[in-house]
Amino acid sequence: MTKKITFVGRPETGKTTIKKVIFEGEDPTELVIFPLEATIGTQYSVHEFMDLKISILDNPGQSLLQLLEDEEKQLMSFGDTSAIIYIFDYPNWIKNSQDIFDDIKKIYKIKKERDLDAKLILF
């Protein structure tokens, strides 16, 4: 059985880095020393994890606001998803807590309006 997980969040919060460390076994120390380039476009990947097959949609932070406004992109990213993981970091929370809170409210509203079963996880 394949589970679909969608990663969303503001730019440079570590969405792709988290995916690489947890699902691809990358060394987190290396990724801190040599940070990844910004993700361009939604990246799809499939991973064997424990006893599951997991399909991950890694959405670029630069496109978050567009995703939260575009119904077609919402269906593509959130449809049939088991979990929507909104990733944020402490420095961004300190600088932009209201924006992050607004993002989370929009995702919750999308989930409710579309009657999505996906869990909303804040990481």
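Residues numbered from 1 in each chain as written. Predicted model: local features only at pLDDT ≥ 70, side-chain atom pairs only at ≥ 80, totals over all residues. Heavy atoms only, no water.

When helices and strands are counted, the chain shows five helices and five strands. Secondary structure elements of the chain occur, N-terminal to C-terminal, as β-α-α-β-β-α-α-β-α-β. For the chain, the C-alpha radius of gyration of 14 Å lies close to 14 Å, the compact-globule estimate for 123 residues. Referenced to the eigenvectors of the C-alpha coordinate spread, the extents of the chain come out at roughly 40 × 40 × 20 Å. Relative to its 123 residues, the chain shows a buried fraction of 38%. When contacts within the chain are restricted to residue pairs at least 6 apart in sequence, long-range pairs at least 24 apart make up 64% of them. Summed over all atoms, the accessible surface of the chain reaches about 7,800 Å², with 55% contributed by carbon and sulfur. Charge-centre separation for the chain: the mean point of 16 positive side chains lies 5 Å from the mean point of 21 negative side chains. (Helix = DSSP H or I, 4+ residues; strand = E, 2+ residues; numbered from the N terminus. Rg over C-alpha atoms; globule rule 2.2 N^0.38 Å. Buried < 20%, exposed > 50% of the residue type's maximum accessible area, 1.4 Å probe, protein only. Contact = heavy atoms within 4.5 Å. Areas by Shrake-Rupley, 256 points an atom, 1.4 Å probe, with all protein chains shown as cover. Lys, Arg positive; Asp, Glu negative; His and termini not counted. Charge placed at Lys NZ, Arg CZ, Asp CG, Glu CD.)

With mixed pairing, the five strands of this open sheet are ordered in space as E2-E3-E1-E4-E5. Single-partner strands in this sheet number two, and they are strand E2 (43-49) and strand E5 (119-122). When the angles between neighbouring strand axes are averaged without regard to direction, this sheet yields 25 degrees. Two elements, strand E1 (residues 2-9) and strand E4 (residues 83-87), share five bridges in a ladder whose sense is parallel. (Pairing = 2+ DSSP bridges. Axes fitted to C-alpha atoms, helices over the stretch in contact; angles between N-to-C directions.)

As enumerated under the stated definition, the model contains three aromatic pairs in all. Taken together, a centroid distance of 6.1 Å and an interplanar angle of 45 degrees make the contact between Tyr86 and Phe88 tilted. Look at Tyr86 and you get buried, because its relative accessible area is 0%. Taking relative accessible area as the criterion, Phe88 reaches 26% and is therefore assigned partly exposed. Feature note: the residues Tyr86, Phe88 and Trp93 constitute an aromatic cluster, connected by ring pairs. (Phe/Tyr/Trp six-rings, centres within 6.5 Å; stacked < 30°, edge-to-face > 60°.)

A few words on the pairing of E1. The element E1 is largely enclosed, with a buried count of six among its eight residues. Relative to strand E3 (residues 52-58), E1 is paired through six bridges, and the arrangement is parallel. Following the sheet pairing, Lys4 is matched in E3 by Ser55.

This part is about the side chain of Asp58. Relative to the elements of secondary structure, Asp58 occurs in strand E3. One buried charged side chain, Asp58, makes no salt bridge at all; its nearest oppositely charged neighbour is Lys19, positioned 4.5 Å away. One polar contact links Asp58 to Thr16, side chain to side chain, over a distance of 2.4 Å. Once you skip the residues sitting within four places of it in the chain, Asp58 turns out to touch Phe7, Lys15, Thr16, Lys19, Thr39, Gly41, Thr42 and Gln43. (Salt bridge = Lys/Arg side-chain N within 4 Å of Asp/Glu carboxyl O. Polar contact = N/O pair within 3.5 Å; in protein donor to acceptor, adjacent residues only side chain to side chain.)

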